[in-house]
Amino acid sequence: CEKPNPSAQVDPGTYVAQESRQDIVTERKPVEFDKVKVLVAEDNKINQKVLHRTLTRLGLQDITIVDNGKEAVDICEKVKFDCIFMDMQMPIMDGLEATCIISSGRK
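Within any chain, residue numbers begin from 1 and follow the written order of that chain's sequence. Local features in this predicted model are restricted to residues whose pLDDT is 70 or higher, and side-chain atom pairs enter the listing and the counts only when it is 80 or higher, whereas totals over whole chains, interfaces and linings include all residues. Based on all heavy atoms of the structure, the side-chain values leave hydrogens and waters out of the count.

Attention now goes to helix α3 (residues 95-104). Structurally, the α-helix is built with 3.6 residues per turn, so residues lying three or four positions apart point the same way. For α3, the set of buried residues is Gly 95, Ala 98, Cys 100 and Ile 101. The contact criterion used throughout is that any non-hydrogen atoms of two residues lie within 4.5 Å. Segments assigned H or I by DSSP are reported as helices when at least four residues long, segments assigned E as strands when at least two residues long, and all are numbered from the N terminus. On the buried face of α3, the contacting elements are α2 (69-76) and β3 (83-86). Whenever a nitrogen or oxygen atom comes within 3.5 Å of another N or O atom, the pair is scored as a polar contact, on the condition that within protein one atom can donate a hydrogen and the other can accept it, and that pairs from neighbouring residues in sequence are kept only if both atoms are in side chains. Near the N-terminus of α3, the side chain that reaches the backbone nitrogen of Leu 96, with its oxygen 3.1 Å away, is that of Asp 94. Positive phi appears at Gly 105, one or two residues downstream of α3, with a value of about 75°. Burial here depends on accessible area, computed with a 1.4 Å probe over protein chains only, as a share of the maximum for the residue type. Under 20% is buried, over 50% is exposed, and the range in between is partly exposed.

Here you go:
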């Protein structure tokens, strides 16, 4: 897994989605997050509380918080998460290394 190069130049039009006005949905249904499993890997206790409160207010109920990337890798071997919030700089294992391991399915 390669680490992203922050200095790499990207063409500004590369990620722009092209859609017409007819493709826009006008009727919105309420989003239900009650069955979404979320993992938060964050070493800062204050950030953990802020994220937990924010996600709870959005309607998410199944939130797991771990303190470092190693714990995130370990728990992802046992539990399938729908969404993972990963801090980049953590002790033991940083977020980039943990993300590479989780996404490749290796330990």
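Further notes follow.
The term nonpolar core refers to a set of buried residues drawn from Ala, Val, Leu, Ile, Met, Phe, Trp, Tyr and Cys, joined through side-chain atoms within 4.5 Å. Listed in full, the 11 residues of the largest apolar core are Leu 39, Ala 41, Val 66, Ala 72, Val 73, Phe 81, Met 86, Met 90, Met 93, Ala 98 and Ile 101. Put simply, the parts of the chain that give this core at least two residues each are β1 (37-41), α2 and α3. Among residues more than four places away in sequence, those in contact with Val 73 are Met 93, Ala 98, Ile 101 and Ile 102. If you look at the next biggest cluster of nonpolar residues, it comprises 5 residues, including Val 38, Val 40, Leu 55 and Ile 63.

What follows deals with the sheet that holds β1. The parallel open sheet is built from 3 strands, whose spatial order is β2-β1-β3. The open sheet has two free edges, formed respectively by β2 (62-66) and β3, since each of these has just one partner strand. Between one strand axis and the next, the sheet turns by 15° as a mean value, whatever way the strands run. Any two strands with at least two DSSP-identified bridges between them are counted as paired. As judged from the 4 bridges shared by β1 and β3, these two strands associate in the parallel manner. Along β3, the bridge assignment pairs Val 40 with Phe 85. Across the sheet, helix α1 (residues 45-57) lies against β1, β2 and β3, angled at about 170° from β2, the strand it touches most. As a rule, the C-alpha atoms of each element are fitted with a line to give its axis, helices using only the stretch in contact, and angles between N-to-C directions run from 0 to 180 degrees.

Think of a salt bridge as a Lys or Arg side-chain nitrogen and an Asp or Glu carboxyl oxygen that are within 4 Å of each other. In total, this model carries 3 salt bridges according to the counting rule given. For Asp 62, the salt bridge goes to Lys 37, with nearest N and O atoms at 2.8 Å. Here Lys 37 lies in strand β1 and Asp 62 lies in strand β2, a separation of 25 residues in the sequence. Here Asp 62 falls in the partly exposed class, since its relative accessible area comes to 29%. Between Lys 45 and Asp 67 there is a salt bridge; the shortest N-O distance is 3.1 Å. Note that Lys 45 is positioned in helix α1 and Asp 67 in the loop between β2 and α2, a separation of 22 residues in sequence.

What follows is about the packing of α2 against α3. Angle between the axes and distance between the axes: these two values describe a pair of packed helices. For the pair α2 and α3, interaxial distance at closest approach is 8 Å and the crossing angle is 10°. Compared by their axis directions, α2 and α3 come out roughly parallel. When you trace α2 past α3, the crossing you get is right-handed. Residues Gly 69, Ala 72, Val 73 and Cys 76 of α2 form the contact with α3, whose participating residues are Ala 98, Ile 101 and Ile 102. Residue composition of the contact of α2 with α3, by class: 6 nonpolar, 1 polar and no charged. Working rule for angles: under 35 degrees goes down as roughly parallel, over 145 as roughly antiparallel, 65 to 115 as roughly perpendicular, anything else as oblique. Here is the rule for handedness: rotate from the far helix to the near one, and if that takes an anticlockwise turn smaller than a right angle the crossing is left-handed, while a clockwise turn gives right-handed. All amino acids are sorted into three groups, where Ala, Val, Leu, Ile, Met, Phe, Trp, Tyr, Cys and Pro are nonpolar, Asp, Glu, Lys and Arg are charged, and the leftover types, Gly among them, are polar.

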